[in-house]
Amino acid sequence: MNNFIAPSPPLGFFCLPNDVKRARNRRKDRIYRGFVIVFTFFIYASYHLSRKAISVVKNAWNCTTVTTHNWTQNATANCTDGPYGKVYLGTLDTCFLVAYAVTMFFISGQIGDRMNLRYFLLIGLLGSGIFTSALGLPYFWNYHGLWYFAVMQILAGAFQSTGWPSVVAVVANWFGLENRGLILGIWNAHTSVGNILGSLIAGAVVAHWGWSFIVPGLINCGMGILTALYLPSDPSEMNVSPPQHHELPSEEDSLIDQDSHQTTETTVPVSNAPPKAVGLCRALRIPGVIEYAASLFFAKLVAYTFLYWLPFYIHNTLKINGQYISEEKAAYYSTFYDVGGIVGSIFIGYLSDVLKVRGIATVLMTYSSIPALFIYNRYGGLSEGATIGLSFMCGFFVNGPYALITTAVSADLGTHKTLRGNDKAKATVTAIIDGTGTSGAAVGPFLTGWIAGTGWKNVFYMLITACAISGLLLTRIVIQDIRYLMKRRTRK
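The text that follows walks through the structure, step by step, so that each part is easy to find. Everything numeric here is computed off the predicted structure, so don't read it as measured data.

### A short note on unusual backbone geometry
- The phi torsion at Lys356 lies on the positive side, around 65°, for a residue other than glycine.
- With respect to the helices, strands and loops of the structure, Lys356 is situated in the loop between helix 15 (327-355) and helix 16 (359-379).

### Quick word on the environment of Ala156
- Structurally, the position occupied by Ala156 is in helix 7 (residues 146-160).
- For the pair Ala156 and Thr132, spaced 24 residues apart in sequence, the C-alpha separation works out to 6.1 Å.
- In contact with Ala156, not counting residues within four places along its chain, are Phe96, Phe131 and Thr132.

### Some remarks on helix 18 (residues 426-451)
- The terminal C-alpha atoms of helix 18, which comprises 26 residues, lie 37 Å apart, in line with the 38 Å expected from a rise of 1.5 Å per residue.
- With 20 of 26 residues buried, helix 18 lies mostly within the body of the structure.

### Here's the deal with the pattern of salt bridges
- One pass over the full model with this rule turns up four salt bridges.
- Here Glu237 makes a salt bridge to Arg118, at a shortest N to O gap of 2.8 Å. Taken together, the positions of Glu237 in the loop between helix 11 (210-230) and helix 12 (261-264) and Arg118 in helix 5 (residues 117-134) put the pair 119 residues apart, joining distant regions of the chain. Here Glu237 matches Arg118 in class, with each residue buried.
- Note that Lys300 and Asp434 form a salt bridge whose closest N and O atoms lie 2.8 Å from each other. Linking Lys300 in helix 14 (residues 289-317) with Asp434 in helix 18, this pair joins segments that are 134 residues apart in sequence.

### Comments concerning the state of the cysteines
- The full count for this structure, using the stated rule, is zero disulfides.
- Considering cysteine sulfurs only, Cys394 is the nearest to Cys467, which forms no disulfide, with 9.1 Å between them.

### Things to note about helix 8 (residues 163-174)
- For helix 8, built from twelve residues, the straight-helix expectation of 16 Å at 1.5 Å per residue is met to within 8% by its first-to-last C-alpha distance of 17 Å.
- Burial of helix 8 is extensive: twelve of the twelve residues sit out of reach of the surface.
- All of the buried residues in helix 8 are Gly163, Trp164, Pro165, Ser166, Val167, Val168, Ala169, Val170, Val171, Ala172, Asn173 and Trp174.

### With respect to the nonpolar core
- The biggest cluster of nonpolar side chains holds 121 residues, and the ones touching the most others in it are Phe306 and Leu373.
- A total of 17 residues in this core trace back to one element, the largest contributor, which is helix 14.

### Section: the packing of aromatic side chains
- Counted under the stated rule, the structure contains 33 aromatic pairs.
- Between Phe306 and Phe460, the ring centres sit 6.4 Å apart and the planes meet at 80°, which makes this aromatic pair edge-to-face. Of this pair, Phe306 sits in helix 14 while Phe460 sits in helix 19 (residues 456-472); the two residues are 154 residues apart in sequence, bridging distant segments of the chain.
- With relative accessibility at 4%, the residue Phe306 sits in the buried group.
- On the basis of relative accessible area, Phe460 is assigned to the buried category, the value being 3%.
- Centroid distance Phe312 to Trp456: 6.5 Å. Interplanar angle 50°. Geometry classified as tilted. With Phe312 in helix 14 and Trp456 in helix 19, the pair connects residues that are 144 residues apart, well separated along the chain. The exposure classification of Phe312 matches that of Trp456, with both residues buried.

The rules behind these values
- Residues numbered from 1 in each chain as written.
- Predicted model: local features only at pLDDT ≥ 70, side-chain atom pairs only at ≥ 80, totals over all residues.
- Heavy atoms only, no water.
- Helix = DSSP H or I, 4+ residues; strand = E, 2+ residues; numbered from the N terminus.
- Contact = heavy atoms within 4.5 Å.
- Expected span 1.5 Å × (residues − 1).
- Buried < 20%, exposed > 50% of the residue type's maximum accessible area, 1.4 Å probe, protein only.
- Salt bridge = Lys/Arg side-chain N within 4 Å of Asp/Glu carboxyl O.
- Disulfide = S-S within 2.5 Å.
- Core = buried A, V, L, I, M, F, W, Y, C linked by side-chain atoms within 4.5 Å.
- Phe/Tyr/Trp six-rings, centres within 6.5 Å; stacked < 30°, edge-to-face > 60°.

Here it is, written out as structure tokens:
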């Protein structure tokens with residue numbers, strides 16, 4: 001049985017105006033697709049909104065707030081700004097990300113290709129909201145036991161893993177290959193928008209840090225209910241035509257060959273039986289999946305180190321009139337990294353559409369992030385202007401490749417020609433790539449907790465090394481893309 005719940009219109013469909021229901025197919029198609037792209041944008045923004053809270057709250061967990069029943073039973077090491085404080089904070093990040101990666105890789109993608117995505121997202125958002133809110137309850141109990149926070153982070157991470165493969169699969173269900181890089185580059189701004197909103201909401205109430213978790217958790221729960229009521233996860237639910245997924249060219253060419261649409265369109269087998277979901281081993285054999293997954297391991301290591309540690313880094317390095325800036329200001333300044341990520345995601349998506357290859361665009365920006373990180377380490381703490389400008393620059397170059405791989409590349413590979421028209425692979429492929437990437441995301445913040453004690457300079461050396469490895473892992477893809485571009489030039 002390939003679908004636990006058969007496709008059906010969401011309940012909100014019956015609230016649509018009659019003129020929309022009676023509209024011609026083309027107009028109805030545009031309305032639904034526009035609604036899906038906007039609604040999934042806010043769904044995933046709400047996931048990231050709740051994920052950002054802990055990076056802001058880290059600055060509030062210090063010796064003045066952590067006093068009894070603390071992180072360990074050792075009273076000499078019970079402060080987050082003590083000798084082991086950064087390690088404890090890094091451990092909490094790792095608990096979340098390991099649970100997120102393992103659940104996504106082995107469970108979420110498989111279920112997502114077999115279950116109605118609308119209800120799968122409902123389960124994920126409600127679980128995420130409940131356990132994110134639970135992280136804030138110890139504030140009211142005056143309790144700071146490490147194990148409680150670790151368990152809540154693990155449970156929150158497991159439920160959050162439902163989000164990414166599901167929203168990418170929904171968008172891929174509604175949108176074909178044409179201009180996919182630009183469309184998903186703009187759409188991927190939800191990550192940065194969620195981070196920005198999360199920083200602002202958590203920062204506004206960080207003095208009473210329990211609410212920094214509870215408010216985002218409630219937003220997750222509310223978004224889950226709206227998703228169950230209004231999200232059409234597939235065109236078949238709304239009786240509109242599915243998009244044309246053009247197969248990707250042979251491995252000798254490139255990931256995308258839009259010059260051969262007429263000969264490479266996906267041909268769906270004539271059969272009354274629904275397509276079967278693709279298994280994990282079959283998805284791993286799709287050309288390019290392993291290379292991009294390995295590259296994302298290191299790209300996401302860098303991106304999530306910034307996600308979880310940037311407010312803390314700014315708070316502990318930037319001084320104004322000899323005083324370190326406040327937690328609220330550090331949260332505000334960190335949002336410029338996410339603004340840069342929005343611009344970088346759109347730019348690299350457009351660039352990959354123009355070049356008609358993803359690998360070259362990814363590697364160009366990955367290698368460009370190396371000097372950006374070096375400059376930020378050297379001059380980022382000199383002034384407020386330097387912090388803002390260089391945070392924006394790092395967000396542009398670091399988030400761009402990460403965004404392209406997790407969106408357009410994952411959607412491309414999920415409709416690869418070797419699948420012969422089977423569309424039940426998008427969530428699984430996305431889960432493999434992003435699950436592997438999240439394993440790197442778990443490693444980065446954890447290593448940062450240990451390395452930061454030796455100096456932030458060494459943390460940046462780690463990040464620069466990760467960017468270099470991420471680019472090198474795509475060498476075969478880049479060579480393949482260059483050959484494809486040379487063949488196109490010869491044909492023209």
